[in-house]
Amino acid sequence: MVKPKPDAGKLIVVGALAGAHGVRGDVRVKSFTAEPEDLFAYGPLLAEDGSLFLTPQKVRQAKAHFIVTPEVPKSREDWDALKGTRLYVPFDALPETEEDEVYIDELLGLSAVDPEGAMLGKVKAVQNFGAGDLLEIAPEGGGKSVLIPFTEDDVPDIDIDAGELVIISWDLWSEA
């Protein structure tokens, strides 16, 4: 069963500039999408303010990035000065998720509650240091953020519409 995406008018980060490639106006682009080549399936790439930033004319795969020939080339110096610039697409350009899937961006700002519904904090970020996704929860009473493994055992229920997710073993992770 497919569910609708909330807040479809917002932008979501799908990649970033990695600097110039050569001297003919090409640029290196790093993809943040699950399937790297999908970065170019969602239409032109936008700036943070929603303005058109990069329309690829030609794309070729490199080791850890793509080499893009843009419709509007820039100098090597211009691309290098823009290195690290994030690239966006409208959230509603992304494919619908399945019933048991969410986009990481949908998790940000959700309330974290215990199984009885008591407020624990808010999802501040989703981190991944190589061993899987971790939810960074800013505790309700303030203090140091708590990292919770984003697994079905630790986070069994997510209700995007209600704006909350359930954390099972808060004490275990908040004391770690």
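Details of the structure are given in the entry above.
Residues numbered from 1 in each chain as written. Predicted model: local features only at pLDDT ≥ 70, side-chain atom pairs only at ≥ 80, totals over all residues. Heavy atoms only, no water.

(A) The packing of aromatic side chains, seen in detail. Within this structure, the stated rule accounts for 2 aromatic pairs. When the ring of F40 is compared with that of F66, the centres are 5.1 Å apart and the planes differ by 85°; the resulting orientation is edge-to-face. Here F40, found in the loop between β3 (26–31) and β4 (45–46), pairs with F66, found in strand β7 (residues 66–70); they are 26 residues apart in sequence, far enough to count as distant. Take F40: its relative accessible area is 21%, and that puts it in the partly exposed class. On the basis of relative accessible area, F66 is assigned to the buried category, the value being 4%. Taking the centre distance of 5.6 Å and the plane angle of 70° together, the rings of F91 and Y103 count as edge-to-face. On the criterion of sequence distance, the pair formed by F91 in the loop between β8 (86–90) and β9 (97–98) and Y103 in the loop between β9 and α2 (104–107) is long-range, its members being 12 residues apart. Looking at K74, its charged tip hangs above the ring of W79, at a distance of 5.7 Å from the centre. (Phe/Tyr/Trp six-rings, centres within 6.5 Å; stacked < 30°, edge-to-face > 60°. Helix = DSSP H or I, 4+ residues; strand = E, 2+ residues; numbered from the N terminus. Buried < 20%, exposed > 50% of the residue type's maximum accessible area, 1.4 Å probe, protein only. Lys NZ or Arg CZ within 6 Å of the ring centre and 35° of its normal.)

(B) Spotlight on the sheet that holds strand β13 (residues 146–149). Strands sit in the order β13-β12-β11-β10-β15-β14 across an open sheet of 6 strands; the sheet is mixed. The two strands at the open ends of the sheet, each matched to only one other strand, are β13 and β14 (157–159). On average, each strand axis in the sheet is tilted by 35° relative to the strand beside it, whichever way the strands run. As judged from the 3 bridges shared by strand β10 (residues 111–113) and strand β15 (residues 164–166), these two strands associate in the parallel manner. When the sheet's bridge partners are listed, S111 is paired in β15 with E164. (Pairing = 2+ DSSP bridges. Axes fitted to C-alpha atoms, helices over the stretch in contact; angles between N-to-C directions.)

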